[in-house]
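Close look at the chain arrangement
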Amino acid sequence: TMLQGEDSDHIRASLTSNWNKGGTMKDLHSDFYESLPLWRDFTLLSDPAQFASVPDDWVVGVADIVDSTTQIAQGQYKTVNMVGAAVISAMINALENKPFPYVFGGDGAGFAVPPSAADIAAGALATLRRWAEEEFEMPLRAALVPVAELRKAGKDLRVARYAPSTGVDYAMFSGGGLAWAEAQMKSGHYSVDPAAPSAQPNLTGLSCRWSNSPAQHGQIVSVVVQPTAQATERDFADLAQSVVTMAAELDRSGHPVPEKGPPMTWPPPDVGLDAHVSRAGGNLFAQKLKLLGQNLLIALLFMTGKRLGQFEPGHYRRMVSQNADYRKFDDGLKMTLDCDTATLDRLQRMLDEARGRGKIRYGLHVQDEAMMTCFVPSAMRDDHVHFVDGASGGYAKAAEAMRV
């Protein structure tokens, strides 16, 4: 359902409170995205009527890691995820937490911004390209594509807002425009060049201190489904509705993160990765020691459940699960599900049948655990963002399988 009354007001207040604080970016954003309705029922988003066309004068930003397949084969998928999420983190910080539509794709990300933010987006992407190469030796592609250009190519860019909780909402994309922009980027068009050496993005709030969440009902299934050129919008909407409805029959709709939050251990499994992300050009060893100390305090708070000032560990863990971004429309359908064998078999049969009719392309990747990459502006608020993916290849491996 669409949010109304007090529920809607509460979410809008938490998500858009920064808009009226003034400052140099006061007039940056048109009210297009901010004015869209917030949907709480994910199944309704298979209906194209819930999406609104992004204005012609906006620009689309896309970025992904070159040859992420090799990085995954070398066991680097957590780093791949972190670099992909860094695109979103850098943009959120560059836009000073003002709402804009974005989507996390595993080994990359996409977003849209108004024309007044195009230069900011270009600067953030340029800096990220340099940083990813220098910090992780991971070449990052990036492009900025005018929405008007993708419409000239016969594509569209439409967006909706899905609010899984009262703390956050996520953008859903349709119309084929985002996929077209990604294809243009991979062909070398609309490219954003890397910034000067040693450029550092603002990645404040980006972290990965949680341990992976093991499957509770069978296996963690990452699924990517995209319409073919032969599929009408209604064809794909009907198929997506069937897939989402089937997933909704799973326990907690297949949510792969435990209701009370993911596991936490000390030392955290990826403290070295966190140190790379947060050191901002500083000493890596010193940053790692600092994070070990911080995470020890955090782990003790979560183990004891004791409050620290305004921070209530039990509430925070529940919000982590509620805020988790484990299913999305991204010019197609992407989900990471905790799925039993019988439902997985039914899902594959449904997708095989649709593929046999020439209506979709799809890929699945099955693994034992889900992982999470987080953006936390403040642990005292409920607007922390958590991107979920399969822990051993996830969306990137599913997309690779789709191409075979």
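Quick note: structure is the one above.
The paragraphs below set out a description of the structure included in this document. (Residues numbered from 1 in each chain as written. Predicted model: local features only at pLDDT ≥ 70, side-chain atom pairs only at ≥ 80, totals over all residues. Heavy atoms only, no water.)

**Observations regarding the layout of surface pockets**
A volume near 770 Å³ is recorded for the second largest pocket. Lining the second largest pocket are 33 residues, and of these Gly 205, Ser 207, Arg 209, Gln 294 and Val 376 lie nearest its centre. If you list the elements that add at least two residues to the lining of the second largest pocket, you get β9 (206–207), α8 (271–278) and α9 (284–304). Take the lining of the second largest pocket: its biggest share by element is eight residues, from α9. Split into classes, the residues belonging to the lining of the second largest pocket amount to 21 nonpolar, nine polar and three charged. (1 Å grid on protein atoms, 1.4 Å probe; cavity = no way out; pocket = protein on both sides within 12 Å on 5 of 7 lines; lining within 4 Å. Points joined across faces, edges and corners; volume = space filled by probe spheres on them. Helix = DSSP H or I, 4+ residues; strand = E, 2+ residues; numbered from the N terminus. Nonpolar A, V, L, I, M, F, W, Y, C, P; charged D, E, K, R; others polar.)

**Examining a nonpolar patch on the surface**
On the surface, a nonpolar cluster with roughly 420 Å² of combined accessible area is contributed by Trp 266, Leu 296, Leu 300 and Met 303. Since its relative accessible area comes to 65%, Met 303 is described here as exposed. (Patch = residues over 30% accessible without salt bridge, like charges linked within 9 Å, V, L, I, M, F, W, Y side chains within 5 Å. Areas by Shrake-Rupley, 256 points an atom, 1.4 Å probe, with all protein chains shown as cover. Salt bridge = Lys/Arg side-chain N within 4 Å of Asp/Glu carboxyl O. Buried < 20%, exposed > 50% of the residue type's maximum accessible area, 1.4 Å probe, protein only.)

**Here's the deal with the packing of helix α4 (residues 118–136) against α8**
Between α4 and α8, the shortest axis-to-axis distance is 11 Å and the interhelical angle comes to 135 degrees. Accordingly, the angle class assigned to the pair α4 and α8 is oblique. The hand of the α4/α8 crossing is right-handed. Contacts between α4 and α8 involve Trp 131, Glu 135 and Phe 136 on the former and, on the latter, Leu 273, His 276 and Val 277. When the residues that make up the contact of α4 with α8 are grouped by side-chain class, the tally is four nonpolar, one polar and one charged. (Axes fitted to C-alpha atoms, helices over the stretch in contact; angles between N-to-C directions. Parallel < 35°, antiparallel > 145°, perpendicular 65-115°, else oblique. Left-handed = near helix turned anticlockwise from the far one by under 90°. Contact = heavy atoms within 4.5 Å.)

**Considerations on the packing of aromatic side chains**
Considering all chains together, one arrives at 10 aromatic pairs under this definition. On the numbers, 5.5 Å between centres and 85 degrees between planes, the contact of Phe 32 with Trp 58 is edge-to-face. A residue pair is termed long-range when its members are at least 10 positions apart, and Phe 32 in the loop between α1 (5–16) and β1 (38–39) and Trp 58 in the loop between β2 (52–53) and β3 (59–65) qualify at 26 residues. Accessibility classification places Phe 32 together with Trp 58 in one group, the buried group. Judged by centre distance (5.4 Å) and plane angle (90 degrees), the rings of Trp 131 and Phe 136 are edge-to-face. Relative accessible area serves as the criterion here: at 16%, Phe 136 is assigned to the buried category. (Phe/Tyr/Trp six-rings, centres within 6.5 Å; stacked < 30°, edge-to-face > 60°.)

**Considerations on unusual backbone geometry**
Residue Pro 267 follows Trp 266 across a cis peptide bond; omega there is -5 degrees. Located in the positive-phi region is Ala 280, a residue other than glycine, with phi close to 50 degrees. Its place among the elements puts Ala 280 in the loop between α8 and α9. You can call Ala 280 exposed: its relative accessible area is 54%. Residue Asp 331 is not a glycine yet carries a positive backbone phi of 50 degrees.

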